[in-house]
Amino acid sequence: MGIIIGIFEEGMIYAILALGVLITYRILDFPDLTVDSSFPLGAAVSAILTVNGMNPLLTLPIAALAGAVSGLVTGLIHVKCHVRDLLSGIITMTGLYSINLRIAGRANLPFFNMETLFDNGFTTSFPTFLQPYSKMIVVLIVLLLVKLLLDLFMKTKAGFLLRAVGDNQTVVTTLAKDSGLIKIEGLVIANALVALAGAVMAQKNRVFDISMGTGAIVFGLAAVIIGMNLFKNISFIKGTTAAIVGSIIYKACVAAALSMGLVPQDLKLITAVLFLLILVLGGVHKKKVKFRA
Amino acid sequence: MLELRDVSKVYSPGSVNENCLFRHFSLSIPDSQFVSVVGSNGSGKTSMLNMLCGSIPVDEGQILMGSQDITKIKDFKRYRNIGRVYQNPAMGTCGSMTILENMSMADNKGKSFGITPGVNKRRIDEYRELLQKLGLGLEDKLHTPVGALSGGQRQAMALLMSTMTSIEFLILDEHTAALDPKTAELIMKLTDRLVREKHLTTLMVTHNLRYALEYGDRIIMLHEGHIVLDKAGEEKANLALDEILALFNQISIECGN
C-alpha cells in the first residue's frame, strides 16, 4: 500500500513537470534540456527560502518564477542569438548547475525540522483515516490547479498562438505576430511548471539535492509519450490528462523494476532503458522526433 | 501602392555559385491592381514575393508599401497589411487546430492575442456564412481539425483566412499549383471574387498561363530577373494565349530547357 501511495505522490509531482514538457516537446516541438536544471532550480529556491523561515506555500510561486527566468534565458539564446534549440537548452542547463549550487549554498540542503508544504497546520488537521494520504492530497490539489489553469490558457487567444507556432510558424508570421516571442513565452511557462514540480519535490523529500534533476527531461518525455500513445485514438482526452496519466504509469514501471530486485543506484539506468522501450514500442522514433544536434 | 525600387539581390555572394538574380529591378503596382506574374523556373518570381514580404532581405534598393519605406521592417510586421497564400495548402493553416480555431485566429489578426477566450462565440455564425460561400461543406465541420481536410479545402480556407481582416495587399504564390484542375478553377474563381470585393492590390505568381490571361488587370513575364513582358488593361485583354506561349517558349529555349 505504501508503495502505491508513493507512486501516486511522486507520479503526480513529476506530472507537473510533464505538463511543462508537454508544452515544449508536444506543442512547440522544442527539445528543451533546460528541464534537467530548472527542476533542481525550483527545488533550490524553495529549500533555501524554507530554511530561512518563509512559509513553504509562498516558496512555490517564487520557485516557479525562477524557473520562468531560466526558460526566458533558453528562449532568448535560441531566438535572439539564433542558437539551435537543443544547444540553447544545453547551455542554460549547464550554466544553471552552478547557479543552483550558489542559490542553495551547497550540493545538498536538507530541512528536516522545518514546517513544509506537506507537514503543517493544514495537513495535520486532516482526520486520522486520511493521514496516510495527506501528501497525495496536497500534490493532487497543486496538480489539478496547474492542469486547470493550463487547460484554460490553451483556449485563450494567447494559447491559440502558442499551439499555432508549434504547428505552423508561417501562419503565426502571416498573422503579423513575432513567432520568436511566442516560442519564448512557451519556454517561460514550461520551465515555470518544471521548477514548480522541483519545489514540490523538495518539500516532500525535505531536501534539495543538486543531482535531483538528472534525467528529469527523460521522465517528462516518457510521461508525455506514454500518455500520447495511450490516448491517441481517444480525441476527448486532453493532452494534459494524458501527460498526467503517463507520468503515473511511468513512475509505476520504475517502481516495479525496483521491486524486482534492482537497487536505487540502478534508478537512472531503469529510467533510460524504460524510455528506450517506450520509444521503440510506441513507434515514436519513426515520427518527427526533432532530436538533431 | 506596392513598389520595388532599384532592387538588387545576389545569392551566395563571394562563392563560385554567386548568382545575381536581380540587378536594379523596379516594379510598381498601383492600388487595387490585380497583377499576374508568369515566368520559367528560376526567373525570380518567388524571390520577388519573398523580398516584398520580407522573407529574404534585399542587398540594395528600396521596397515601398503605400508611401512607407518598408525595406528594413521585419516580415511579421509587414504582414499587418499583407495576406499571403502559398503553393503548399498546408502552409496557410494549422493542421492540428480545428476549422473554428483557425478562423478565430485569422479573424483576430491585427488585434492583441491576450488571455481572453480564443473563440468569440458571437462570430461563429459569420464564420459559417463565409465558409458556406465556398460551397465545400466546411460550415458543418467547424470542430474538425484542418489537417483532416483535403488540399483543396485547406487552400480555400487559407485564402479565406488571409483575406478575413482588412488587408490592402494579397500575395499569391502559385496557390493553385498543387490542386487538381477542378479545385484549382474553384480557388481561382474564389480568389477573383475576394480580390474584387475587397479591392485588394494583388500579386499572383502562377505557372498557368491561361489563368494569368483570364484573371487580373495586368500580366508580367519575368525572365532571369528582368521583366520581358508587361501588359495591362486593353493591351492585356487583346493578348492571345498563343502569343504568350510563343514568348514563353522563346525564353525557355534560351535557357536550354
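Remember, predicted model here, so these are calculated numbers, not experimental data. (Residues numbered from 1 in each chain as written. Chains lettered and ligands numbered in written order. Predicted model: local features only at pLDDT ≥ 70, side-chain atom pairs only at ≥ 80, totals over all residues. Heavy atoms only, no water.)

Chemist: Summarise the overall build of chain A; cite the residues concerned and give the values.
Modeler: Within chain A, the secondary structure is distributed over 12 helices and two strands. In terms of C-alpha radius of gyration, chain A reaches 18 Å, essentially the compact-globule figure of 19 Å for 293 residues. Along the longest, intermediate and shortest principal axes, the C-alpha atoms of chain A span 60 × 40 × 35 Å. Taken over 293 residues, chain A has a buried fraction of 56%. Considering only contacts within chain A whose residues lie at least 6 apart along the sequence, 77% involve residues at least 24 apart. Accessible area for chain A stands at about 12,800 Å²; split by element, carbon and sulfur atoms hold 69% of it. Across chain A, the 23 positively charged side chains and the 14 negatively charged ones have centroids separated by 7 Å. (Helix = DSSP H or I, 4+ residues; strand = E, 2+ residues; numbered from the N terminus. Rg over C-alpha atoms; globule rule 2.2 N^0.38 Å. Buried < 20%, exposed > 50% of the residue type's maximum accessible area, 1.4 Å probe, protein only. Contact = heavy atoms within 4.5 Å. Areas by Shrake-Rupley, 256 points an atom, 1.4 Å probe, with all protein chains shown as cover. Lys, Arg positive; Asp, Glu negative; His and termini not counted. Charge placed at Lys NZ, Arg CZ, Asp CG, Glu CD.)

Chemist: Which residues make up the packing of helix α2 (residues 35-51) of chain A against helix α3 (residues 56-80) of chain A, and what are the values?
Modeler: Residue and element names in this part refer to chain A. Interhelical geometry of α2 versus α3 gives an angle of 145° and a closest axis separation of 8 Å. In this structure, α2 meets α3 at a crossing whose hand is right-handed. Residues Ser38, Leu41, Gly42, Val45, Ser46, Leu49 and Thr50 of α2 form the contact with α3, whose own contacting residues are Pro56, Thr59, Ile62, Ala63, Ala66, Gly67 and Ser70. Residue composition of the contact of α2 with α3, grouped by class: seven nonpolar, seven polar and no charged. (Axes fitted to C-alpha atoms, helices over the stretch in contact; angles between N-to-C directions. Left-handed = near helix turned anticlockwise from the far one by under 90°. Nonpolar A, V, L, I, M, F, W, Y, C, P; charged D, E, K, R; others polar.)

Chemist: Any details on the packing of aromatic side chains? Residues and values, ideally.
Modeler: What the rule picks out here adds up to six aromatic pairs over all chains. Ring plane angle 75° and centroid distance 5.2 Å describe the contact between A:Phe122 and A:Phe126, whose orientation is recorded as edge-to-face. We classify A:Phe126 as buried; its relative accessible area is 14%. Members of the aromatic cluster, connected to one another through ring pairs, are A:Tyr14, A:Phe39, A:Phe219 and A:Tyr250. Residue placement shows B:Lys9 over the ring face of B:Tyr11; its charged tip is 5.5 Å from the ring centre. (Phe/Tyr/Trp six-rings, centres within 6.5 Å; stacked < 30°, edge-to-face > 60°. Lys NZ or Arg CZ within 6 Å of the ring centre and 35° of its normal.)

Chemist: Give me the interface of chain B and chain A: which residues, what numbers.
Modeler: Listed as interface residues are 31 residues of chain B and, on the opposing side, 19 residues of chain A. A buried area of about 2,100 Å², summed over both sides, lies between chain B and chain A, and 66% of it is on carbon and sulfur atoms. Considering only the side of chain B, the residues that lose the most area to chain A are B:Phe76, B:Met105 and B:Phe113, jointly responsible for 28% of the buried surface there. Between chain B and chain A we count one salt bridge in total. Inspection of the region where chain B meets chain A yields 12 residue pairs in polar contact (both at pLDDT 80 or more). Those elements that provide at least two residues to the side of chain B that touches chain A are α2 (75-78), β6 (82-85) and α3 (99-107) of chain B. At four residues, α3(B) tops the list of elements feeding residues into the side of chain B that touches chain A. For the side of chain B that touches chain A, a count of residues per class yields 14 nonpolar, 11 polar and six charged. (Buried area = accessible area lost by both parts, 1.4 Å probe. Salt bridge = Lys/Arg side-chain N within 4 Å of Asp/Glu carboxyl O. Polar contact = N/O pair within 3.5 Å; in protein donor to acceptor, adjacent residues only side chain to side chain.)

Chemist: Explain helix α11 (residues 239-259) of chain A to me, using residue names and the numbers behind them.
Modeler: The α-helix winds at 3.6 residues per turn, so residues separated by three or four positions along the chain end up facing the same way. Residues and elements named next belong to chain A. Here α11 contains 21 residues, and its C-alpha end-to-end distance of 30 Å stays within 8% of the 30 Å for a straight helix at 1.5 Å per residue. All buried positions along α11 are accounted for by Thr240, Ala242, Ala243, Ile244, Gly246, Ser247, Ile248, Tyr250, Lys251, Val254, Ala255 and Ala257. Its buried side turned inward, α11 meets α1 (2-27), α6 (134-154), α10 (216-230) and α12 (267-282). Just beyond α11, the residue with positive phi is glycine 261, at close to 105°. (Expected span 1.5 Å × (residues − 1).)

Chemist: I'd like a description of the sheet that holds strand β1 (residues 2-11) of chain B, backed by residues and values.
Modeler: Strands in a sheet are paired, the pairing made by backbone hydrogen bonds, and the direction either parallel or antiparallel. All names here are of chain B. Taken together, four strands build an open sheet; the order of strands is β2-β1-β4-β5 and the sheet is antiparallel. The open sheet is flanked by β2 (19-29) and β5 (68-69), the only strands paired with a single partner. In this sheet, β2 lies alongside β1 in antiparallel orientation, the contact comprising seven bridges. Within the sheet, the bridge partner assigned to tyrosine 11 lies in β2 and is asparagine 19. (Pairing = 2+ DSSP bridges.)

Chemist: Now, about the pairing of strand β10 (residues 226-232) of chain B: what can you tell me, with residues and values included?
Modeler: All names here are of chain B. Bridge count between strand β9 (residues 218-223) and β10: six bridges; the pairing is antiparallel. Residue arginine 218 lies in a different strand from β10, and its bridge partner there is alanine 232. The turn joining β9 and β10, which pair antiparallel and follow one another in sequence, is formed by two residues; a positive phi near 45° is taken by glutamate 224.

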